[in-house]
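# Secondary and tertiary structure notes
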Amino acid sequence: MTTKHVSEKKDGSLLLAIETSCDETSAAVVRDGREVLSNIVSSQIETHRRFGGVVPEIASRKHVESITLIVQEALTEAGVSRRDIDAIAVTQGPGLIGALLVGVVAAKSLALALDVPLIGTHHIAGHIYANRLIGDIVYPALALVVSGGHTELVLLPEEGVFRIVGRTRDDAVGEAYDKVARALFFPYPGGPHVDRLAQQSDEEIVLPRAWLEEGSYDFSFSGLKSAVLAEINRTKMKGLDPDFAALARGFQNSVVDVVTTKAMKAAAEFGARQLLLCGGVAANRGIRERLAARCEEAGLPMLVPPMSLCSDNAAMIGAAADLKWRRGQFSSLDLAAAAQVSLEEWSV
Amino acid sequence: MTNGNKRTAGDNPLMLCFDTSTAVLAASVCRGAEVLASRHSHTERNHAVRIVSDLKTLLEEAGGEEIDGIAVGRGPGSYTGVRIGVSAAKTLAWAWDKPLVGLSSLETLAMAAAPYLRGDKQATETAAFASRHAERPVWVVPIMDARRGQVYGARFETTDGSVWRRLDEDAIRLIGEWGPSLAANAAEAGALLVFVGEIGPHAAVLATLEGAVALPLAIDASEMGRLAAARLAKGLVEDVHGFAPNYTQLTEAETKLGDGARTEGQA
Ligand SMILES: [Zn+2]
């Protein structure tokens, strides 16, 4: 365990966290990085549904309209006043730049107005540390991050240190699910529909697995998505109706097989003592159940947060920011939101 | 609703004013017309990085006294730009529990012409103002480039540069159509037509307008205090939570969807 910055170590914290990286405006109050006093999430999903996906300009507009109200609700629900807050945590990136800007400017304004430190926080660190809100993380730990924008295997050799061992080379898992859902005529966001349909089907149209080169922990899902579309076209050319349920099952099994196999292999290779499943797609039953079963076989403890902490939310940002708070590592008021930002460099 | 009437109008409140709708990050601390400190950073595309530390420095320069209210340009202008200013303003107003005054960024831009009309400042284009404008009204038309031949624009009338009357609402307009019609109306009304702001992209059109003057001025935060104080004195304060930019137009995605819906509705 590293001892750097130990002289600046802070005692208990009450962090006000803000997250606006995509289409949820969220604010939370988190104590000591593990106790959620409030976690308000204002979803814009109904607004974006009619456009068939998130429209960045509309997301940014909605964030401005609701930001202070959501922050106030978070304080009210937590039963704390502005003056009780020790620091402001905010998602710096990655995400939609225009959306991130609103949260970052609001957070910097709060840090100035309340005269407290600012902690720019990595969104993926947030997803991973959502697990600390439900239990203790044992290191080294391996995190499987699956969401609409991310598919990553992250090794945490020790607390607050992130090493990416695998990532998608094209589509994220959630993205692949949504694209396949569109091909199967499900409304946006369609991922959960595909998951449900796959569970219901007894038939399976077996689709290829993208293992990539030997020893790689990277992922690729765009070929699989193309295989689904090709299968639909082939069937239609024959004048037949595609069996959507069997296709959904074939797609899901391919994704789940690759994702869980690579996660288990990486866990073994790096000696992980715990597996952390996180991100919005962690709600996917196919992935969740298969990974749980394989972890049990391997005797590897698995943590997975409840749905409210898996999808984008500010409490997870507060949980990750606590890593920096305890080490006295703060951001300047010139903090810049960034569409891309390195997780490894964000390590404590 | 923020309690905007903690002080009476005669109190001469100390206002933190800023606007980020254009390439200039303009900010000032003013007590009415008196400017305690001001900053103008030409940090295009960097407003989100600089704004809060700029405001912090500005408040220190102004003496660190507690401010009484916040005034911000709510647009129109760069979408991202106005969001930065509005997000900072409403968050500061909420956190400090101070009244929030929303200003038109175009009116703020128009005010950049005020010192020239008053004769406090001179430029080659304005040398003749002092003698000319006293005899006839001046129409000040602030413009910001909105691409594809469009401008965000409005129109204000003044005689002496200190009393202003709005003649046109903030809107997005085609300069090729709006410019000539303004020039014709001004000739009829005997008014002097003065365009202020992002002249460059529209210089060719403006040059064809007989008798029109073009002043390539940027937003001047030193002029924001008067506007802010006037609105505050009238009790024109915003609901902090509901406060939002004035983009003057829907997003492209909404326009496309809306057009479809309208066509269906008419059929
Ligand atoms: Zn996320």
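This structure is a prediction, so every number in the text was calculated from the model and none was measured.

### Side note on the pairing of strand 6 (residues 141–146) of chain A
Residue and element names in this part refer to chain A. With six of six residues buried, strand 6 lies mostly within the body of the structure. Of the two faces of strand 6, both are covered, the one formed by A141, A143 and V145 as well as the one formed by L142, L144 and V146. Both strand 6 and strand 7 (residues 151–156) contribute to a ladder of six bridges, which runs antiparallel. Across the sheet, L142 pairs through a bridge with L155, a residue of strand 7. The antiparallel pairing of strand 6 with strand 7 creates a hairpin that spans four residues between the two strands. Here five bridges tie strand 6 to strand 9 (residues 274–278), and the two strands are oriented parallel to one another. Bridge pairing in strand 9 places L142 opposite L275.

### As for the interface of chain B and chain A
Where interface size is given, it is often the accessible area lost as the parts come together that is meant. Listed by partner, the interface residues are 33 residues for chain B and 30 residues for chain A. Between chain B and chain A, roughly 2900 Å² of surface is buried when both sides are summed, and carbon and sulfur atoms account for 68% of that area. Between the two partners, chain B and chain A, sit two salt bridges. With its nearest N and O atoms 3.1 Å apart, the salt bridge here joins R50(B) to D334(A). Along the contact surface separating chain B from chain A lie 14 residue pairs in polar contact (both at pLDDT 80 or more). Of all the secondary structure elements, the ones that give two or more residues to the side of chain B that touches chain A are helix 1 (47–61), helix 2 (79–96) and helix 9 (252–266) of chain B. The element contributing the most residues to the side of chain B that touches chain A is helix 2 of chain B, with 13 residues. Per-class residue counts for the side of chain B that touches chain A are 20 nonpolar, seven polar and six charged.

### Side note on the sheet that holds strand 10 (residues 213–215) of chain B
Residues and elements named next belong to chain B. Strands sit in the order 8-7-6-9-10 across an open sheet of five strands; the sheet is mixed. Strands at the two margins of the open sheet, each flanked by one partner only, are strand 8 (164–174) and strand 10. Pairs of neighbouring strands in the sheet enclose a mean axial angle of 20 degrees, with direction left out of account. With six bridges connecting them, strand 6 (residues 138–145) and strand 7 (residues 150–158) associate as antiparallel partners. Across the sheet, V138 pairs through a bridge with T158, a residue of strand 7. Strands in contact with helix 6 (residues 175–189) are strand 6, strand 7, strand 8 and strand 9 (192–197); relative to strand 8, the strand with the most contacts, it is inclined by about 155 degrees.

Analysis parameters
Residues numbered from 1 in each chain as written. Chains lettered and ligands numbered in written order. Predicted model: local features only at pLDDT ≥ 70, side-chain atom pairs only at ≥ 80, totals over all residues. Heavy atoms only, no water. Buried < 20%, exposed > 50% of the residue type's maximum accessible area, 1.4 Å probe, protein only. Helix = DSSP H or I, 4+ residues; strand = E, 2+ residues; numbered from the N terminus. Pairing = 2+ DSSP bridges. Contact = heavy atoms within 4.5 Å. Buried area = accessible area lost by both parts, 1.4 Å probe. Salt bridge = Lys/Arg side-chain N within 4 Å of Asp/Glu carboxyl O. Polar contact = N/O pair within 3.5 Å; in protein donor to acceptor, adjacent residues only side chain to side chain. Nonpolar A, V, L, I, M, F, W, Y, C, P; charged D, E, K, R; others polar. Axes fitted to C-alpha atoms, helices over the stretch in contact; angles between N-to-C directions.

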